[in-house]
Amino acid sequence: MARTRVRIPSLLALSAVTLALVTGCGNNGDSKNDSTSSPAASGAPKAGKKPVVVVTTTWEGAFAKAAGAEDVKVIVPQSVHHAPDYDPKPSDLAAVGKADFVLYAPFEPYAAKIKEAAGSKAKLVEVNLDNDPDKVKAEVDKLGGLFGTADAATTWKTGFDAEYAKLNKDLQSAWPGGKSPNVVTQVFTAWAAKLAGATTVGTYGPEAVTPAQLADLSAKKPALVLDNAHMSTGTVLPDSGAKQVKIVNYPGEDLDLLPVYRNAAAELKKAMSTS
């Protein structure tokens, strides 16, 4: 999913307070080249040391946990749906100062500002937040390599594949009339259509559907509309007869990705059983 409005009014002011709280902080010059510097300067943990990972949201946190990280600090509370609107606290910046890695998404540009304000030497890692199974496994592989937890990442992927296959099979058995349903999906919930084995006949968003799009998408006669719970604009295709299904992208505070798929499958199965 994506967010468009970014607000960072207090970062620079907070940095002065936080520098007094943070131990082992580098200078601004050091932080500019973290991705290409030595392992110690880039945030890579020493051999045998478990990485300390700070993430902007529970979504990045779940990716980190899947990759084998055990010490994960989430900055933005789960209750904040628009993470870029969150104003970091001094304690958030202090946590960044102690991290080996800081995980963020491209639509969360304040992550770099958080690190800069805290003076941290942590390695900034951009995460592709997409619940498409192939993309998830690619990110978990990448993070496992960075964290030195490749074995844990491989184990998680094995369990993930088994659970995904089970959910996919269960949803296909629920297809109305045994036929793959036609769906329209918000661009950031396409992974849920794939999970159901549905046929995507159109996409929309992240902006609200225009009158021209409304006419075009309604003409495709979808059985379901998969709406992004974090960016909902209300009823997407009114009067089309399509059932709208709310899809949640973000994991809970337990930082477990699997319930995201289970919950989406439950919502999809319920919608298909009454269509």
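Scroll up to find the structure.
Notes on the structure follow. (Residues numbered from 1 in each chain as written. Predicted model: local features only at pLDDT ≥ 70, side-chain atom pairs only at ≥ 80, totals over all residues. Heavy atoms only, no water.)

Taken as a whole and judged by the stated rule, the model has two cavities of 30 Å³ or more. When its volume is computed, the second largest cavity comes out at roughly 50 Å³. If you go around the second largest cavity, the residues you meet are Gln186, Tyr204, Gly205, Pro206, Glu207, Ala208, Val209, Asp227, Met231 and Thr233. Looking at side-chain class alone, the lining of the second largest cavity contains five nonpolar, three polar and two charged residues. (1 Å grid on protein atoms, 1.4 Å probe; cavity = no way out; pocket = protein on both sides within 12 Å on 5 of 7 lines; lining within 4 Å. Points joined across faces, edges and corners; volume = space filled by probe spheres on them. Nonpolar A, V, L, I, M, F, W, Y, C, P; charged D, E, K, R; others polar.)

It is worth spelling out the sheet that holds strand β3 (residues 101-104) at this point. Strands belonging to one sheet form pairs held by backbone hydrogen bonds; the direction of such a pair is parallel or antiparallel. Strand order in the open sheet made by the four strands is β2-β1-β3-β4, with parallel pairing throughout. Across the chains shown, the open sheet's two edge strands, defined by having one partner strand only, are β2 (71-74) and β4 (123-126). When strand polarity is set aside, the average angle formed by the axes of neighbouring strands in this sheet is 25°. Contacts from helix α4 (residues 58-66) reach β1 (52-55), β2 and β3 within the one sheet, and its direction differs from that of β1 by about 155°. (Pairing = 2+ DSSP bridges. Helix = DSSP H or I, 4+ residues; strand = E, 2+ residues; numbered from the N terminus. Axes fitted to C-alpha atoms, helices over the stretch in contact; angles between N-to-C directions. Contact = heavy atoms within 4.5 Å.)

We now examine the sheet that holds strand β8 (residues 243-247). As summarised here, the arrangement of the four strands in space is β6-β5-β7-β8, forming an open sheet in which the pairing is parallel. Lying at the two open borders of the sheet, with one neighbouring strand each, are β6 (199-204) and β8. Looking at each pair of strands side by side, their axes are set apart by 25° on average, direction ignored. Of the pairings in the sheet, the one linking strand β5 (residues 182-186) to strand β7 (residues 224-228) comprises three bridges and is parallel in character.

A separate point is helix α11 (residues 258-273). An ideal rise of 1.5 Å per residue puts 22 Å on 16 residues; α11 measures up with 23 Å between its terminal C-alpha atoms. Within the sequence span of α11, burial applies to Leu258, Val260, Tyr261, Ala264, Ala265, Leu268, Ala271 and Met272. The buried residues of α11 occupy an angular sector of 155° when the element is viewed end-on, so they sit on one face. What points out from α11, more than 90 degrees from its buried face, is the exposed set Asn263, Lys270 and Ser273. Of the surrounding elements, those touching the buried residues of α11 are α7 (133-147), α8 (150-173), α9 (190-196), β7 and β8. (Expected span 1.5 Å × (residues − 1). Buried < 20%, exposed > 50% of the residue type's maximum accessible area, 1.4 Å probe, protein only. Arc of directions from axis to C-beta.)

To continue, consider the environment of Ala190. Here Ala190 lies in helix α9. Taking the relative accessible area as the measure of exposure, Ala190 reaches 34% and is therefore partly exposed. Through-space distance from the C-alpha of Ala190 to that of Leu226 is 7.9 Å; in sequence the pair is 36 residues apart.

With that settled, consider the pairing of β6. As judged from the five bridges shared by β5 and β6, these two strands associate in the parallel manner. The residue of β6 that forms the bridge with Asn182 is Thr199. What joins β5 to β6 is α9, and the crossover it makes is right-handed. (Right-handed = clockwise from strand over helix to strand, strands pointing away.)

Here α4 crosses α7 at 65°, and the two axes come no closer than 8 Å. Considered as vectors, α4 and α7 are oriented roughly perpendicular to each other. The element α4 and its partner α7 pack so that their crossing is right-handed. Two secondary-structure elements touch here, α4 through Phe63, Ala64 and Ala66 and α7 through Val136, Glu139, Val140, Leu143 and Phe147. Across the contact of α4 with α7, the residue classes tally to seven nonpolar, no polar and one charged. (Parallel < 35°, antiparallel > 145°, perpendicular 65-115°, else oblique. Left-handed = near helix turned anticlockwise from the far one by under 90°.)

It is worth stressing that arrangement in space is one thing and function is another; only the former is reported here.
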